[in-house]
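Understanding the architecture of this molecule
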Amino acid sequence: MAAIVEIEDVKKVYDGGFAALKGVTLNIEEGEILALLGPNGAGKTTLISTICGISRPSSGAIRVGGHDTVSDFRAARSLVGLVPQEVNLEPFETVWRTVRFSRGLFGKPKDDTLIEKILRQLSLWDKKDTAIRALSGGMKRRVLIAKALSHEPRVLFLDEPTAGVDVELRRDMWEIVAGLKADGVTIILTTHYIEEAEAIADRVGVINNGKLLLVEDKDALMTRMGQKQLRIDLQDRIATVPPALHGFDLELAEDGGSLIYRYDTRADRTGIAKLMAAMSEEGLVLRDLQTSQNSLEDIFVGLVHEPEAAA
Amino acid sequence: MNWQAVKAIYIFEMARFFRTLMQSFISPVISTSLYFVVFGAAIGSRIEEVEGVSYGAFIVPGLIMLSVITQAISNASFGIYFPKFIGTIYELLSAPINFLEIVMGYVGAAATKAMFIGLVILGTAALFVDLSIQHPIAMLAFMVLTCLSLSLFGFIIGIWAGNFEQLQLVPLLIVTPLVFLGGSFYSISMLPEGWQTVALFNPVVYLISGFRWAFFGMADVPIGLSLLAIAVFTGLCLGAIWWIFKSGWKIRN
Ligand SMILES: Nc1ncnc2c1ncn2[C@@H]1O[C@H](COP(=O)(O)OP(=O)(O)OP(=O)(O)O)[C@@H](O)[C@H]1O
Ligand SMILES: [Mg+2]
């Protein structure tokens, strides 16, 4: 596969002097779905804005489909669709006009059949003559997507498309993304939800403090992220883990008042049922149970402290 | 050239205008009528004629210019300020279009609206006074040029403005006084000599004078000079807009 977006050592310093991107190099392959993860203020939106032409790179180069985004901006931008993070829409216009406007702006001839198809796909067809201000938040977000799709982009940027969106719409969104991928569209999305990256991405990039900390195949990354902990509080303290439980990945905590069990959520069996059975055979009485997942924040902290990953 | 984009912007902007067509129509009709009542009737009864033209007819070109200039500026400045304000400008910035196409769409729509208002006022005025237009084609051409050049100017204000107050500031503090002092309601030759010289530094004088020439065949300044003034003004505005988009000033960080 060839890279459709090539980002070479891109730096972005905002007017105030703040360095939001500190040298990002990344190749995005044609047809892949890349999820960008990173805490608030990491530089995800800045990176996307710089690729799409909303802000200019302070240094470095970006090419889309081989076209430089500054010197050959027309060719580059006509391949790119953007769904921004903020819901920015003309409040008094209807859905139909707004979407049609986007297609024209990108220089494409009128195609009402296509726009109808897109609106139906996004369940917006019965709202087509409604003014934007009379739509719900989730519908507005879908209008943004319809606008971006209206000009048939080959590369689509989705900046937090599922923030503040209900579960059902999130599933719909994933389906749409899968459908676009099947049509050969390259998709870059940012998200704060690991499950989302897990559900749809081929590759995952982690960005923090304006630096790309890693880009990795999803499956490899998910193994690292998928660790979960089960904390078992015991009625009576124990001094050591009983030999009968040595087969489990257990750790004693709280001065023997609880056991920590680590397991992989994506393994065929988590081993929890077996552990519970073994514990009751040992006569250990449970007071409480609690599970916790490696949070995205934990992973960021881990990444920042791992010198080889940060390099 | 991305003509589809120019068309899309133009149509989208005109839709806003059509949504409020009644307002756009009624307010110039009412204000023009008021001007005729106040200036035509009250002052006109004391000043019978100016340079051989009845005072009522004499003020028509100035009245039209007054509205056309304010409308062109406010339409164009609002047209580009609004997307900046609500954030939809992201789409213009990420679209495969250059500054000329953006300008043609927005300025074209703003100029069309101003032109419409100008014609409505002309029609209203014809109800109050006898109007014979000596150079009708030149009159229309002059009106189109004024709409376009002032819309360009308004476009710059819209990009510059950081809030709604600033959007009003330039029209209110600079343009309105210049228009009123530009001979809308009197001939420059009616001013004391010193003030006549001062008036020549007011660009609006050239617009109104040229426009009045198209109506009555008489002008405060030669018609060629009026055309030159518009051309220079338009050139300056275009240059400024070209620079704005090249540098990204106020729009692209
Ligand atoms: N126009 C701007 N001028 C100055 N600084 C900016 C500007 N836009 C963003 N920044 C700064 O750049 C940094 C990166 O912001 P960015 O919006 O790219 O983060 P993000 O990763 O998208 O965060 P989030 O998850 O909250 O959307 C932040 O510190 C932000 O304050
Ligand atoms: Mg963001």
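1. Observations regarding the overall build of chain A
Counting its secondary structure elements, chain A contains 11 helices and 14 strands. With respect to the principal axes defined by its C-alpha atoms, chain A has extents near 75 × 45 × 40 Å. Here chain A holds 311 residues, and the buried ones make up 49% of them. Of the contacts formed within chain A by residues at least 6 apart in sequence, a portion of 68% connects residues at least 24 apart. With the model as given, the accessible surface of chain A reaches about 14,400 Å², and the carbon-plus-sulfur share is 48%. Of the side-chain charges in chain A, 38 are positive and 47 negative, and the distance between the mean point of each set is 7 Å.

2. Thoughts on the overall build of chain B
Of regular secondary structure, chain B possesses 10 helices and 2 strands. Expected size for 253 residues packed as a compact globule is a radius of gyration near 18 Å; at 19 Å, chain B falls within 12% of this value. Oriented by its inertia axes, the alpha-carbon framework of chain B measures out at about 60 × 40 × 35 Å. Within chain B, the proportion of its 253 residues that are buried is 53%. With 10 positive and 10 negative side-chain charges, chain B shows a spacing of 17 Å between the two charge centroids.

3. What about the pattern of salt bridges?
Counted under the stated rule, the structure contains 18 salt bridges over all chains. Salt-bridge contacts for Glu8(A) lead to Arg63(A); the nearest nitrogen and oxygen are separated by 2.5 Å. Highlighted residues: Glu8(A) in strand β1 (residues 3-13) and Arg63(A) in strand β4 (residues 59-64), separated in sequence by 55 residues. Ionic pairing is found between Glu13(B) and Arg16(B), a salt bridge with its closest N-O pair at 2.8 Å.

4. Some remarks on the interface of chain A and chain B
Taken residue by residue, the interface counts 31 residues in chain A and 29 residues in chain B. Interface of chain A and chain B: buried area, both sides summed, is about 2,800 Å²; carbon and sulfur atoms make up 57% of it. Inspection of the chain A/chain B interface yields 4 salt bridges. Applying the counting criterion to the chain A and chain B interface returns 13 residue pairs in polar contact (both at pLDDT 80 or more). Going through the elements one at a time, α2 (73-77), α3 (95-105) and α5 (137-149) of chain A are the ones with two or more residues in the side of chain A that touches chain B.

5. Things to note about empty space enclosed by the protein
Here the structure, examined in full by the defined rule, presents 5 cavities of 30 Å³ or more. Each pocket or cavity is described by its volume, and for the largest cavity that value is around 140 Å³. Along its surface, the largest cavity is lined by 16 residues, and Glu90(A), Phe101(A), Phe12(B), Thr88(B) and Glu91(B) are the ones closest to its centre. The residue inventory of the lining of the largest cavity, partitioned by class, reads 7 nonpolar, 4 polar and 5 charged. Here the second largest cavity is characterised by a volume of approximately 50 Å³. Every residue lining the second largest cavity is listed: Leu82(A), Phe106(A), Lys147(A), Ala148(A), His151(A), Tyr90(B), Glu91(B) and Ser94(B).

6. Describing helix α1 (residues 44-52) of chain A
Along an α-helix, residues three or four apart share an orientation, since each turn contains 3.6 residues. α1(A) sits mainly inside the fold: 8 of its 9 residues count as buried. Along α1(A), the residues classified as buried are Lys44(A), Thr46(A), Leu47(A), Ile48(A), Ser49(A), Thr50(A), Ile51(A) and Cys52(A).

7. Focus on the site of ligand 1
Around ligand 1 there are 15 residues in total, and Asn40(A), Gly41(A), Lys44(A), Thr45(A) and Thr46(A) lie nearest to it. Among the chains of the assembly, those with residues near ligand 1 are chains A and B. Backbone polar atom of Gly41(A) to an oxygen atom of ligand 1: 2.8 Å apart, as the coordinates give it. One nitrogen or oxygen atom from the side chain of Glu160(A) is found 3.3 Å from an oxygen atom belonging to ligand 1. Here ligand 1 has 640 Å² of accessible area as a free molecule, and 66% of this is covered by the chains.

8. Focus on the pairing of strand β9 (residues 203-208) of chain A
Of all 6 residues that make up β9(A), 6 are buried, and the element is covered over most of its length. Of the two faces of β9(A), the one carrying Arg203(A), Gly205(A) and Ile207(A) and the one carrying Val204(A), Val206(A) and Asn208(A) are both buried.

9. Points about the packing of aromatic side chains
Residue and element names in this part refer to chain B. Enumeration over the complete set of coordinates arrives at 22 aromatic pairs over all chains. Aromatic side chains Tyr 55 and Phe 58 sit 6.4 Å apart centroid to centroid with 25 degrees between the ring planes, which places their arrangement in the stacked category. Taken as a pair, Tyr 55 and Phe 58 lie in helix α3 (residues 55-86) at a separation of 3 residues, close to a single helical turn. You'll find Tyr 55 and Phe 58 in the same group, each marked buried. Ring centres of Phe 180 and Phe 185 lie 5.7 Å apart, and the angle between their planes is 45 degrees; this geometry places the pair in the tilted category. When its relative accessible area of 33% is taken as the criterion, Phe 180 is described as partly exposed. Overall, Phe 185 belongs to the buried group, its relative accessible area being 8%. In this structure an aromatic cluster arises from ring pairing among Phe 17, Phe 18, Phe 25 and Phe 116.

Conventions and cut-offs
Numbering of residues starts from 1 in every chain and runs along the sequence as written. Following the order in which they are written, the chains are lettered starting with A and the ligands numbered starting with 1. In keeping with the predicted nature of the model, local features appear solely for residues at pLDDT of at least 70, side-chain atom pairs appear and are counted solely at 80 or more, and the whole-chain, interface and lining totals rest on all residues. To get the side-chain values, take all heavy atoms of the structure and skip hydrogens and water. Each helix is a run of H or I in the DSSP string that is no shorter than four residues. Each strand is a run of E no shorter than two, and both are numbered from the N terminus. Throughout, exposure labels follow a simple rule: accessible area from a 1.4 Å probe, protein chains only, divided by the maximum for the residue type, with under 20% read as buried, over 50% as exposed, and the rest as partly exposed. Throughout, a contact is declared for two residues whenever any of their heavy atoms are within 4.5 Å. Only the protein chains shown count as cover for residues, with accessible areas throughout obtained via the Shrake-Rupley method and a probe of 1.4 Å. Here the positive residues are Lys and Arg and the negative ones are Asp and Glu; neither His nor the chain ends is included. Here the site of a charge means atom NZ of a Lys, CZ of an Arg, CG of an Asp or CD of a Glu. For the radius of gyration, the atom set is restricted to C-alpha positions; the globular benchmark scales as 2.2 Å times the number of residues to the power 0.38. Note on definitions: salt bridges are taken to be side-chain nitrogens of Lys or Arg within 4 Å of carboxyl oxygens of Asp or Glu. Joining two parts hides part of their accessible area as seen by a 1.4 Å probe, and the buried area is that hidden amount summed over both. Two N or O atoms form a polar contact when they lie within 3.5 Å of each other; inside protein one atom must be a possible hydrogen donor and the other a possible acceptor, and for residues adjacent in sequence the pair counts only when both atoms belong to side chains. Each cavity reported here is a set of points on a 1 Å grid over the protein atoms alone in which a 1.4 Å probe fits but cannot get out, each pocket an open set with protein on both sides within 12 Å along at least five of seven lines, and each lining residue one with an atom within 4 Å of a point. Grid points are joined across faces, edges and corners, and a volume is the space filled by probe spheres set on the points. Classes in brief: Ala, Val, Leu, Ile, Met, Phe, Trp, Tyr, Cys and Pro nonpolar; Asp, Glu, Lys and Arg charged; the others, Gly included, polar. Residues are labelled near a given molecule or strand when at least one of their non-hydrogen atoms is within 4 Å of it. Note on aromatic contacts: the rings of Phe and Tyr and the six-membered ring of Trp form a pair at centre separations within 6.5 Å, being stacked when their planes are under 30 degrees apart, edge-to-face when over 60 apart, and tilted otherwise.

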